[in-house]
Amino acid sequence: MRYAPLGRLGQERLAASKVLVCGCGALGSVLANTLARAGVGHLRIVDRDFLELNNLQRQVLYDEHDVASGLPKAVAARNKLQAINSEIEVEAVVADVDHTNLAELLDGVDMMLDGTDNFETRYLLNDASIRFNIPWVYGGCIGAEGQTMTIVPGETPCLRCLMPESPPPGTTPTCDTAGILGPIINVIASIEACEALKILSGHRDAINRTLMVFELWDSRLRQVKLDSLQGVDCATCQQRQFPWLDGQRGSHTAILCGRNAVQLSFPGRQELSLENLAEKLQSVGNVTRNPFLLRLAVDEFLITVFPDGRAIIGGTEDIMEAKTVYAKYIGN
Amino acid sequence: MTVSIYIASTLRTYVRESRAELTSSAATVQEALDQLKREHASLYRSVCDETGAVRRHVHLFVNDDFIHDRAGLETQLAPGDVLAIMPAVSGG
């Protein structure tokens, strides 16, 4: 409140705000923690995952007791956040965000923050942002590298202006194949949270209007101007097509009865190269490949990937777990 | 008369000795990509598709500008310029 640009009025606006924190892993932990302490009045935390011990390296809201408790992340996060600030309202939603539930999750929400670990959900958030005129902040990290961009419908380019198509599955590293250096999470999530404080307190004029790209290990920051993206004929923010929100794009899942397996498929995706994927996954587990499919055996799972990106996750009948395994090792 | 090609850390596994920067005498962005194709084939495959088009999730910057802000692949490179190759990052 004493920070002059925020002031009493800004603080009151924060207290009256409602934010959807989408994903509460590494980025989401820092986002939720920062906003709770800043006094944002209502946080809705949504996450599909459960805690594992190796999450603690970067997911700062949680501790060993939370892992031992077996609680879903959203619930463990809510418990911690309410202990941090009992004056705010924190809702925990244990769910996989998809086109069937996002509109409901956005009920009354002033803005969304990106704590996700995959592009599929980010395109869904971007569709909803433009469709319902709700600002959001994109943030992504891998290794020591992170990127963030603030999206205000009608004022800034959107995620799809920046990146018209998501990377074909398996072509980009994931936290589980390339690792992630803890501090880059704090850098990116702190910028995302600060952008939220600006927007929620009524200071849209102060938002970051660049793509910020950090390479923390090399101590490099690039602030790339987005001017050239303004006014491109973007399918989302200019043509107002919302294929992820309409359910035409995104994963289509099915539990394979009696096989202890879940199939994930992604209509409309580009072909992926099994050869490149095999190269990427060599260090992760046992990889075998023929021209038609690639198999990765890792932990208790047998993951079978086809060139169209379709995958069968053996070792589970839980769709959320299968999606988590896919995001971990194949990436999307 | 050299420029630098800065490789995002996630792509360095495709570069010998995982180098962060390569030097080049390329006069344009396209010439720099042609050099990658000759000298660092697996890195090139991560940046460009089979038709030679830059993959749509890979950003190319010259210094702090998108190449679209300049002349795209025909953007001229001056001595001391840095061409950065940065794919989108999905973790979090």
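Whatever comes next refers back to the structure up there.
Residues numbered from 1 in each chain as written. Chains lettered and ligands numbered in written order. Predicted model: local features only at pLDDT ≥ 70, side-chain atom pairs only at ≥ 80, totals over all residues. Heavy atoms only, no water.

*Asks:* Can you help me understand the interface of chain A and chain B in this one?
*Replies:* The figure often quoted for interface size is the accessible area lost as the parts come together. At the junction of the two partners, chain A supplies 45 residues and chain B supplies 29 residues. At the junction of chain A and chain B, the tally comes to three salt bridges. With a shortest N-O distance of 2.5 Å, Glu21 of chain B and Arg220 of chain A are connected by a salt bridge. Counting every contact that joins chain A to chain B gives 13 residue pairs in polar contact (both at pLDDT 80 or more). In the side of chain A that touches chain B, the residues fall into 20 nonpolar, 14 polar and 11 charged. (Contact = heavy atoms within 4.5 Å. Salt bridge = Lys/Arg side-chain N within 4 Å of Asp/Glu carboxyl O. Polar contact = N/O pair within 3.5 Å; in protein donor to acceptor, adjacent residues only side chain to side chain. Nonpolar A, V, L, I, M, F, W, Y, C, P; charged D, E, K, R; others polar.)

*Asks:* Could you clarify how one ought to interpret the packing of aromatic side chains in this entry?
*Replies:* Each pair of aromatic rings is reported with the distance of its centres and the angle of its planes. Throughout the structure, instances matching the rule amount to three aromatic pairs over all chains. Ring geometry for Tyr123 of chain A against Trp244 of chain A: centres 4.5 Å apart, planes inclined by 15 degrees, an arrangement best described as stacked. Taken together, the positions of Tyr123 of chain A in helix α6 (residues 119–132) and Trp244 of chain A in the loop between β8 (220–225) and β9 (252–256) put the pair 121 residues apart, joining distant regions of the chain. Both residues of the pair, Tyr123 of chain A and Trp244 of chain A, count as buried. On the basis of an interplanar angle of 70 degrees and a centroid distance of 5.1 Å, the ring pair of Phe61 of chain B and Phe66 of chain B is categorised as edge-to-face. Given the relative accessible area of 0%, Phe61 of chain B is considered buried. According to the relative accessible area criterion, Phe66 of chain B is buried, its value standing at 2%. For the cation-ring pair, Arg122 of chain A lies above Phe119 of chain A, with the distance from its terminal atom to the ring centre recorded as 5.5 Å. (Phe/Tyr/Trp six-rings, centres within 6.5 Å; stacked < 30°, edge-to-face > 60°. Helix = DSSP H or I, 4+ residues; strand = E, 2+ residues; numbered from the N terminus. Buried < 20%, exposed > 50% of the residue type's maximum accessible area, 1.4 Å probe, protein only. Lys NZ or Arg CZ within 6 Å of the ring centre and 35° of its normal.)

*Asks:* Before we go on, may I ask you to explain the nonpolar core in this structure?
*Replies:* Nonpolar side chains tend toward joint burial in soluble globular proteins. Counting 91 residues, the largest nonpolar core has Val19, Leu35, Ile45, Leu102 and Leu211 of chain A as the members making the most contacts within it. Look past the residues within four positions of Val19 of chain A in its chain and what remains in contact with it is Leu35, Val40, His42, Leu43, Arg44, Val109, Met111, Leu113 and Leu200 of chain A. (Core = buried A, V, L, I, M, F, W, Y, C linked by side-chain atoms within 4.5 Å.)

*Asks:* Would you take a moment to explain the layout of surface pockets for this structure?
*Replies:* If a probe as big as a water molecule is rolled over the atoms, it shows which places are left empty. By volume, the largest pocket is sized at about 680 Å³. Together, 32 residues line the largest pocket, and Thr171, Pro173 and Lys280 of chain A together with Thr10 and Tyr14 of chain B are the ones closest to its centre. Listed by contribution, the elements that provide at least two residues to the lining of the largest pocket are α8 (175–178) and α10 (274–281) of chain A together with α2 (41–47) of chain B. Counting residues per element, the lining of the largest pocket draws most heavily on α10 of chain A, at four residues. (1 Å grid on protein atoms, 1.4 Å probe; cavity = no way out; pocket = protein on both sides within 12 Å on 5 of 7 lines; lining within 4 Å. Points joined across faces, edges and corners; volume = space filled by probe spheres on them.)

*Asks:* Is there a simple way to think about the pattern of salt bridges in this case?
*Replies:* Should the charged atoms of two oppositely charged side chains come close, the side chains can pair. Residue and element names in this part refer to chain A. One pass over the full model with this rule turns up 17 salt bridges over all chains. Glu165 is the partner of Arg249 in a salt bridge, and the nearest nitrogen-oxygen pair spans 3.3 Å. Of the two residues, Arg249 sits in the loop between β8 and β9 while Glu165 sits in the loop between α7 (159–162) and α8, which places them 84 residues apart along the sequence. A single burial state applies to Arg249 and to Glu165, both of which are buried. Linked by salt bridges that have partners in common, Arg48, Asp96 and Lys323 make up one network.

*Asks:* I keep staring at α10 of chain A and nothing clicks. Help me out?
*Replies:* Inspection of α10 of chain A places Leu274, Leu277, Ala278, Lys280 and Leu281 of chain A among the buried residues, and these make up the whole buried set. In an axial view of α10 of chain A, the angular spread of the buried residues amounts to 160 degrees, which keeps them on one side of the axis. (Arc of directions from axis to C-beta.)

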